[in-house]
Amino acid sequence: MTIAALARYDGAMNIALPAATGHSACPHDCPSTCALDVEVLDGRIGRVRGAPGNSYTAGVICAKVARYAERIHHPGRLLTPRQRTGAKGGGNWREIGWDDALDLVAEAFVKAEVRHGSQAVWPYYYAGTMGLVQRDGINRLRHAKRYSNQFDSICTNMAWTGWHVGAGRLSGVDPREMAEADCVVIWGTNAVATQVNVMTHATRARKERGAAIVVVDIYDNATMKQADIALKLLPGTDGALAAALMHCAFRDGTADRAYMAGFTDDPAGLEAHLVTRTPEWAAGITGLSVAEIEAFAALLGRTPRTFFRLGYGFTRQRNGAASMHAALSVPAVYGHWRHRGGGAFHSNSDIFGLDKSLVMGTADRDPAIRHLDQSRIGPVLTGDAGALQNGPPVLAMLIQNTNPANVAPEQRLVREGLAREDLFVAVHEHFMTDTADLADLVLPATMFLEHDDIYRGGGQSHILLGPKVVDAPPTVRTNHFVVEELARRLGVADRPGFGMTERDLIDDMLRRSRRGTLADLEAGRWLDVQPSFEDAHFLNGFGWKDGRYRFRADWLNLSAPNTPPPSMGLQGPASALPVFPDHAALEERTDVEHPFRLATSPARQFLNSSFAETDGSRSREKRPELTMHGEDAARLGLADDAVVEIGNRRGSLRMALRISDTVRPGVVIHEGLWPNSAFPGGEGINTLVGADSVAPAGGAAFHDTTVWVRAG
């Protein structure tokens, strides 16, 4: 039921009644999962605000979500199903009805199954919505029909594996404790742009306690500009910095030996390993000065309440899992975990305990069905036998909640694969994305304020309800509707989980998980499931059987979330990862032909490929740019604002150059994601990024690419 009726115009009095307020949760692929208050007037939304009553959101949200009216009421929004009438990518479409459109999808799936078996169909999705019903319900159809599985590798694998191999559980200190810290270390995440609530709590610590904010990153981004201490290191060298900090702790007597004796596995072995990992050694790898490393180590040694907020960005390297493990080991050596406001946090994903079995149809899951790596969609769709797990080709796809023609690595291969005439692709979307442009059929999707769903905040501790706030346009449909209707057409609508509404599934999930009921969640808006201080600080033991943090990383026997299934085995050069925290020299190497290291960092006004369609976000970001240091530009004879070409063996593209000392010499930064069409020539930045799997659990190394740059 909507609340639009509460905000109607009173024509008799010629006075607009006050806007009603709806309540929801941000659905986008961000750890904050903000609780929202939504202004509603005459069936349309106005301003969106952070809920002040939620202790993590604390009334603050990012500007792009605050402007959500611009997105949901966008004149270019998809409103009717469209069928391709000419060549793929040619832009020729005809409108068709929903029944005909879904009949076409079902017919294509049946044809693919007849030709090459059920695994020739690959439902493909990710986190365009983080709602557990609308996002994950596609798996219910997958399992019921025995379609190819998806190995979810594109986002979290290096970070989660590196954390888990040390801590044994994907949880950490209550992120609200940042406000009680005397030092907040924001490592490898541009929180101002991507997790604004981190800055809410960090700046509160600085204001109320005089806390120092230390930022470790690879360029002077918006978060670095707010730091008291800014450490700008070379990409992929975080492990070296962490090793040197721990070396200093043992050398200077600031290591908490009593803590390590009680809570860690091999402090003596670690100390011996770190003897040669001096600040001088690390300076030669990181590009930091010895003085910077020494000063940071001294600050950590005298500040028991040091809170490490470890991000995703620094792990999106070929050595990313090792870098996370090394950074996470620092508070264990210094004993910061003992103290309120001290310790570390990355994700709370292990604390929620939500049973999604009916949503995902796990009763029908068959472990014999192959897994295809979502990050390797390009090799999969272009027939690479290894990527296909030596199985049949993919002949039909339903794509929801993601835009692989823009966001996936090795974009030329992705586009080549999607353009195959023997591949049927249906895309369920809000706008005509780069992927939708290459589809056979495009289906218009609801946005989060137009359907019911439930969310959990990996970057915090709340389970949040996202109820329907306004009516959707009459010609768009939910993800749930599409999955249900395809199940009916494909003869599996009698399987567990089908035939239930979103609200039924939410209530079932909560009851199975012993998290109350839907009615309880509706009454409270959110449920805080933060573990106790002792559990969050691992004072009752880390997640391993012996309760000890592991300085010795067992990379070859993984139990982390998103570990590859046995059929896929470990990924990348897993045996080359260091046993003790260290720098792992696994990055893509520069050479004479590719002298620059490229990182594809997130832009403040976009979220992956979302919001790039809105005028407010595009006007603030202005244009796709490559940022380069002045010394490099002068050496190459390149001028500010000139168009340059950037490339490597995977391809090349063109964009404007911005010369700035915010980056180090030898490093170039592109903030995105911009649509491919925003670049001269129509090829986007992920043309250059490799799709090779990262050790040991897969993933995409978006910030670990070597390139050449020349006048365009």
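Residues numbered from 1 in each chain as written. Predicted model: local features only at pLDDT ≥ 70, side-chain atom pairs only at ≥ 80, totals over all residues. Heavy atoms only, no water.

As a packed pair, helix α12 (residues 279-286) and helix α13 (residues 290-302) sit with axes 8 Å apart at the nearest point and diverge in direction by 120°. Comparing the axis directions of α12 and α13 gives the class oblique. Crossing geometry of α12 relative to α13 is assigned as right-handed. Seen from α12, the contacting residues are Pro279, Glu280, Ala282, Ala283 and Thr286; seen from α13, they are Val290, Ile293 and Glu294. Taken together, the residues that form the contact of α12 with α13 break down as five nonpolar, one polar and two charged. (Axes fitted to C-alpha atoms, helices over the stretch in contact; angles between N-to-C directions. Helix = DSSP H or I, 4+ residues; strand = E, 2+ residues; numbered from the N terminus. Parallel < 35°, antiparallel > 145°, perpendicular 65-115°, else oblique. Left-handed = near helix turned anticlockwise from the far one by under 90°. Contact = heavy atoms within 4.5 Å. Nonpolar A, V, L, I, M, F, W, Y, C, P; charged D, E, K, R; others polar.)

Within helix α21 (residues 502-512), burial applies to Glu502, Leu505, Ile506, Asp507, Asp508, Met509 and Leu510. Once α21 finishes, Arg514 follows within two positions and takes phi at roughly 55°, a positive value. (Buried < 20%, exposed > 50% of the residue type's maximum accessible area, 1.4 Å probe, protein only.)

A word on the nonpolar core. Trp187 and Trp337 are the most contacted members of the largest nonpolar core, which has 79 residues in total. If one sorts the elements of this core by residue count, helix α9 (residues 238-252) sits on top with nine residues. Membership of the second largest hydrophobic core comes to 30 residues, among which are Ala144, Leu398, Phe424 and Leu490. (Core = buried A, V, L, I, M, F, W, Y, C linked by side-chain atoms within 4.5 Å.)

Moving on, we get to the pattern of salt bridges. Pairing of side chains with opposite charge becomes possible as their charged atoms draw close. One pass over the structure, following the stated rule, counts 50 salt bridges. Note that Arg176 and Asp528 form a salt bridge whose closest N and O atoms lie 2.9 Å from each other. Of the two residues, Arg176 sits in the loop between α6 (157-167) and β10 (183-187) while Asp528 sits in strand β21 (residues 526-528), which places them 352 residues apart along the sequence. You can call Arg176 buried: its relative accessible area is 16%. A single salt-bridge network, built from bridges that share partners, covers Arg318, Glu410, Glu588, Arg597, Arg649, Arg650, Asp692 and Asp704. (Salt bridge = Lys/Arg side-chain N within 4 Å of Asp/Glu carboxyl O.)

Right, let's get into the environment of Asp355. Its location among the elements puts Asp355 in the loop between β14 (343-345) and α15 (357-360). What makes Asp355 partly exposed here is its relative accessible area of 27%. Separated by 157 residues in the primary sequence, Asp355 and Arg512 have C-alpha atoms spaced 6.1 Å apart. A polar contact of 2.8 Å, which involves the side chain of Asp355, links it to the side chain of Ser357. (Polar contact = N/O pair within 3.5 Å; in protein donor to acceptor, adjacent residues only side chain to side chain.)

This part takes up the sheet that holds β21. On the basis of which strands lie adjacent, the open sheet formed by three strands has the order β19-β20-β21 and antiparallel pairing. The open sheet is flanked by β19 (453-456) and β21, the only strands paired with a single partner. Pairwise comparison of adjacent strand axes, ignoring direction, gives a mean angle of 15° for this sheet. Taken together, the four bridges between β19 and strand β20 (residues 462-466) define a ladder with antiparallel strand orientation. The partner of Ile454 across the bridge, within β20, is Leu465. (Pairing = 2+ DSSP bridges.)

Before going further, it helps to spend a moment on α13. Under the 1.5 Å per step criterion, the end-to-end length of α13 is 19 Å for 13 residues, consistent within 8% with the ideal 18 Å. Taken residue by residue, α13 has Ile293, Phe296, Ala297, Leu299 and Leu300 as its buried positions. Each buried residue of α13 lies within a common arc of 160° when the element is viewed along its axis, so the set occupies one face. In α13, those exposed residues whose orientation departs by more than 90 degrees from the buried face are Ala291 and Arg302. (Expected span 1.5 Å × (residues − 1). Arc of directions from axis to C-beta.)

Moving on: the environment of Leu518. Relative to the elements of secondary structure, Leu518 occurs in helix α22 (residues 518-524). Under the relative-accessibility criterion, Leu518 is labelled buried at 7%. With 372 residues separating them in the primary sequence, Leu518 and Arg146 have C-alpha atoms 31 Å apart.

That bond from Gly672 to Leu673 is cis: its omega, 20°, falls within 30 degrees of zero. Tracing the chain through its elements places Leu673 in the loop between β26 (667-669) and β27 (705-711). The backbone of Asn401 sits at a positive phi, close to 65°, despite the residue not being glycine. Note that Asn401 resides in the loop between β16 (396-400) and α17 (404-407). Here Asn401 falls in the buried class, since its relative accessible area comes to 13%.

Time to look at the confidence of the model for the protein chain. The pLDDT averaged across the protein chain works out to 96; a share of 97% of its residues lies at or above 70. Every residue in residues 1-17 scores below 50 in pLDDT, and together they form 28 contacts with partners more than four places removed in sequence or on other chains. (pLDDT = per-residue confidence, 0-100.)

The next point concerns the pairing of strand β4 (residues 35-41). Burial of β4 is extensive: five of the seven residues sit out of reach of the surface. Inspection of the sheet shows strand β3 (residues 20-25) paired to β4 by six bridges, in the antiparallel sense. Its bridge partner lying in β4, Ser24 is registered against Leu36. Where β4 folds back on strand β5 (residues 44-50), the antiparallel hairpin that results is connected by two residues, among which Asp42 adopts a positive phi of roughly 55°.

Turning our eyes to something else, we now look at the packing of aromatic side chains. On inspection of all chains with the given rule, the structure shows 14 aromatic pairs. Pairing Trp187 with Phe314 gives two aromatic rings, centres 6.2 Å apart and planes at 40°, and the pair type is tilted. Within this pair, whereas Trp187 is found in strand β10, its partner Phe314 is found in the loop between β13 (306-310) and α14 (320-334), the two being separated by 127 residues in sequence. Assigned by exposure class, Trp187 and Phe314 land together as buried. Pairing Phe606 with Trp674 gives two aromatic rings, centres 5.0 Å apart and planes at 90°, and the pair type is edge-to-face. Here Trp674 lies in the loop between β26 and β27 and Phe606 lies in the loop between β22 (596-599) and α24 (615-621), a separation of 68 residues in the sequence. Of the two residues examined, Phe606 and Trp674, each falls in the buried class. Put simply, the rings of Trp337, Phe538, Phe542, Tyr549 and Phe551 touch in pairs and so form one group of aromatic residues. Of note, Arg277 hangs over the ring of Trp281, and the distance from its end group to the ring centre comes to 5.2 Å. Seen from the ring of Trp544, Arg550 lies directly overhead, with NZ or CZ sitting 3.6 Å from the centre. (Phe/Tyr/Trp six-rings, centres within 6.5 Å; stacked < 30°, edge-to-face > 60°. Lys NZ or Arg CZ within 6 Å of the ring centre and 35° of its normal.)

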